[in-house]
Amino acid sequence: LLLVTPFAFLNEADGAAKLISFVDIQDVKETVVNDRQALRYMAHDLRNPLTTMLALIEQQDGQGESGGGEAFLDDLRRLTNYSLRVAQDFMQLSRAEHLDPASFLPLTLNELASEALDQIGGAADQKQIALLAPDDDGGNLWVSGNYDMLLRATVNLLDNAVKYSPPGSAIVLRMERAQQYVCLSVQDQGIGIPEQALPQLFDPFFQVDKRCQSARNGVGLGLPFVRTVMERHGGLVEVASEVGRGSCFRLVLPAYAMGEEEHA
Ligand code: ADP
């Protein structure tokens, strides 16, 4: 198994490299955008017209021949949905970057895990993937954080595990204490990640294999979001993976000591 601490590959603490990836996907190869505020507005501005476009397409869809053809509509819908996801995911990433630790509240890993498992249950059922959370101690593992963001990060990992795993496999969610940290890991029996892809895995818009159907449905902003949420919480995300055998993503967060004393 390969163990990677993504932080080790990040020498651009201000995220400039991430933003270059963003403009690449727009085919504006020479443009260097390093104003996060501007990008936030861009993502925001993108969202409303795209939502309107989608509504128009749905309207046309009901009008038969005059609607411009099924294939055209399908393509347009797919592209529009994709653009909308880019804007939404980018805004999420931007929100994560602006998380204020002063607003953090104590919570348990158990709360996160059970809500995340609920949210992903439907998708797992569709692929007959078993979601397992064996004998853990998550109720006693406290962190101080933003519940919504930590939940989204956990759901992102579970969502990927489902997307990149074969039907009938299992996903195991574990929670544990490791010295002054608490850890939540998501282990799958999926396609795995090649060693050479690991250094870029947490870069915006990076996808191991864009030809694979699961990747086409994604945007490539999920793992950058997870990494940013962890950074803002003083934690990190690690991955261990082996092609053909599966991956294990682990969220590591500082334990909330006061919470443990109060709630033990
Ligand atoms: P996406 O929207 O494409 O899933 P992510 O940022 O969440 O974007 O993930 C980036 C890429 O990392 C994915 O396209 C996929 O190639 C790879 N990946 C993420 N999670 C897993 C996993 N559990 N198993 C295999 N590959 C994964």
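Scroll up a little and you will see the structure.
So, a few notes on the structure that sits alongside this text. (Residues numbered from 1 in each chain as written. Predicted model: local features only at pLDDT ≥ 70, side-chain atom pairs only at ≥ 80, totals over all residues. Heavy atoms only, no water.)

**Side note on the packing of helix 4 (residues 109-126) against helix 5 (residues 147-163)**
- Packing of helix 4 against helix 5 leaves a shortest axis separation of 9 Å and a crossing angle of 40°. One element, helix 4, and the other, helix 5, form an angle in the oblique class. In terms of crossing hand, the pair formed by helix 4 and helix 5 is right-handed. Where helix 4 approaches helix 5, its residues E111, L112, E115, A116, L117, Q119, I120, A123 and A124 are matched on the opposing element by Y147, L150, L151, T154, V155, L158, D159 and V162.
- In terms of residue class, the contact of helix 4 with helix 5 is made up of 12 nonpolar, two polar and three charged. (Axes fitted to C-alpha atoms, helices over the stretch in contact; angles between N-to-C directions. Helix = DSSP H or I, 4+ residues; strand = E, 2+ residues; numbered from the N terminus. Parallel < 35°, antiparallel > 145°, perpendicular 65-115°, else oblique. Left-handed = near helix turned anticlockwise from the far one by under 90°. Contact = heavy atoms within 4.5 Å. Nonpolar A, V, L, I, M, F, W, Y, C, P; charged D, E, K, R; others polar.)

**Brief notes about the environment of G121**
- Note that G121 resides in helix 4.
- With 49 residues separating them along the chain, G121 and A170 place their C-alpha atoms 12 Å apart.

**Things to note about the environment of S169**
- With respect to the helices and strands, S169 occurs in the loop between helix 5 and strand 5 (170-178).
- Through-space distance from the C-alpha of S169 to that of I129 is 5.1 Å; in sequence the pair is 40 residues apart.
- Non-local contacts of S169, meaning those with residues more than four positions away in its chain, are made with Q128, I129, A130 and Q189.
- Looking at S169, its side chain comes within polar contact range of the main-chain oxygen of P166, at 2.7 Å. (Polar contact = N/O pair within 3.5 Å; in protein donor to acceptor, adjacent residues only side chain to side chain.)

**Quick look at the packing of aromatic side chains**
- For the coordinates displayed, the defined rule picks out one aromatic pair.
- Consider the rings of F202 and F249, whose centres lie 6.4 Å apart with planes at 65°: the pair is edge-to-face. Placement of the pair is F202 in the loop between strand 6 (181-187) and helix 6 (213-217) and F249 in strand 8 (residues 246-254), with a sequence separation of 47 residues. Each member of the pair, F202 together with F249, is buried. (Phe/Tyr/Trp six-rings, centres within 6.5 Å; stacked < 30°, edge-to-face > 60°. Buried < 20%, exposed > 50% of the residue type's maximum accessible area, 1.4 Å probe, protein only.)

**Focus: the pattern of salt bridges**
- One pass over the full model with this rule turns up three salt bridges.
- Note that R250 and E176 form a salt bridge whose closest N and O atoms lie 3.5 Å from each other. You can see R250 sitting in strand 8 and its partner E176 sitting in strand 5, a full 74 residues away along the chain.
- Bridged by salt links that share partners, the residues E176, E238 and R250 form one connected network. (Salt bridge = Lys/Arg side-chain N within 4 Å of Asp/Glu carboxyl O.)

Functional significance is not addressed by these values, which are geometric in nature.
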